[in-house]
Amino acid sequence: MRQVNNSEMLERLGAREALGHHVDDRLIQAVQAPGNLFLFTLEDGKSFLSLIWQEINPTRLLTPWGQPRTLGDVAGRMIEHSWTFSSLSRPMGLMPTHHDPTAFESFEALDAGFDISKFDFIAVTPASDSEKRQSSSGTYYIYDGVHRALVLAHRVLSRQSNYQPVEALLMTPRRD
């Protein structure tokens with residue numbers, strides 16, 4: 001784990017934007033916020049799959065209330081139900097509070113053009129107490145990069161891709 005400063009990370013985010021990749025303003029603000037920044041590598045798939053994924057209504061069918069939300073759990077649900085990003089991008093007859101097909105369109109595009117060499121880092125922050133209780137095997141909460149992370153997790157668990165180490169930016173204290 002290596003501590004980095006705001007300027008170094010802002011430069012890196014600028015370089016990502018210059019390559020045509022989207023950089024969320026929320027991430028820029030989090031990097032600029034007071035606190036510490038550390039870069040580290042998730043060397044193995046188990047560590048990567050222990051990251052905690054988001055819980056929002058448009059993708060609720062992947063994160064049922066009270067169920068664990070690690071990448072392994074979420075991607076595992078996809079496999080268990082034979083869901084693909086393509087199938088999730090189509091109406092399933094569920095309420096919008098459980099599934100919004102448009103929320104999965106960007107996942108479908110990322111999966112179709114997946115290239116691990118373009119993955120770059122994901123940003124994580126310490127898990128909250130409730131996230132730790134809900135996902136007891138979870139480590140950090142994914143702050144930025146949830147789309148890329150789930151695509152990679154699904155590809156690894158479905159054996160479409162081999163896991164390769166992923167870099168992560170840890171932001172402390174927790175960013176909300």
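As shown above, the structure is provided for reference.
Overview of the structure. As a convention, each chain's residues are numbered from 1 in the sequence order in which they are written. Per-residue local features of the predicted model are confined to residues with pLDDT of at least 70, and side-chain atom pairs are confined, for both listing and counting, to 80 or more; whole-chain, interface and lining totals are unaffected and use all residues. Here the side-chain values reflect all heavy atoms present in the structure, with hydrogen atoms and water set aside.

**Here we look at the overall build of the chain**
Here is step 1: When helices and strands are counted, the chain shows eight helices and five strands.
Here is step 2: In this treatment the radius of gyration is a C-alpha quantity, and the globule benchmark scales as 2.2 Å times the residue count to the 0.38 power. Relative to a compact globule of 176 residues, whose C-alpha radius of gyration would be 16 Å, the chain shows 16 Å and is just as compact.
Here is step 3: Based on the C-alpha atoms only, the size of the chain along its principal axes is roughly 45 × 35 × 30 Å.
Here is step 4: When a residue's accessible area, from a 1.4 Å probe over protein chains only, is under 20% of the maximum for its type it is buried; when over 50% it is exposed; and in between it is partly exposed. Going through the 176 residues of the chain one by one, you find that 44% of them count as buried.
Here is step 5: Taking the intrachain contacts of the chain between residues at least 6 apart in sequence as the baseline, contacts between residues at least 24 apart amount to 70%.
Here is step 6: Here, Shrake-Rupley sampling with a 1.4 Å probe gives the accessible areas, and only protein chains in the shown set may cover a residue. In the form shown here, the chain has an accessible surface area of approximately 8,900 Å², with 51% of it arising from carbon and sulfur atoms.
Here is step 7: Within this scheme the basic residues Lys and Arg register as positive and the acidic residues Asp and Glu register as negative, but His and the chain ends are omitted. Charge positions are represented by NZ for Lys, CZ for Arg, CG for Asp and CD for Glu. Taken together, the 17 basic and 21 acidic charged side chains of the chain have centroids lying 4 Å from each other. The helix count covers DSSP runs of H or I at least four residues long, the strand count covers runs of E at least two residues long, and both are numbered beginning at the N terminus. Only heavy atoms enter the contact rule, under which two residues are in contact if any of them lie within 4.5 Å.

**Description of unusual backbone geometry**
Here is step 1: The linkage connecting T172 with the following residue, P173, adopts the cis geometry, with an omega of -5 degrees.
Here is step 2: Mapped onto the secondary structure, P173 falls in the segment after β5 (166-172).
Here is step 3: You will see that R159, though not glycine, has its phi angle at about 65 degrees, which is positive.
Here is step 4: Looking at where R159 falls in the secondary structure, it is placed in the loop between α8 (146-157) and β5.

**Some remarks on the nonpolar core**
Here is step 1: By nonpolar core is meant a set of buried Ala, Val, Leu, Ile, Met, Phe, Trp, Tyr and Cys residues that side-chain atoms within 4.5 Å join together. Counting residues in hydrophobic clusters, the biggest one holds 33 residues, and the most contacted among them are F48, W53, L62, L71, I122 and L150.
Here is step 2: Of all the secondary structure elements, the ones that give two or more residues to this core are β2 (36-42), α3 (45-49), α4 (71-80), α5 (85-88), β3 (122-126), α8 and β5.
Here is step 3: Counting residues per element, this core draws most heavily on α8, at seven residues.
Here is step 4: With residues near it in sequence (within four places) discarded, L150 still touches W53, L62, L71, V74, A75, M78, F85 and F107.
Here is step 5: Counting residues in hydrophobic clusters, the runner-up holds 15 residues, among them V23, A30, L169 and M171.

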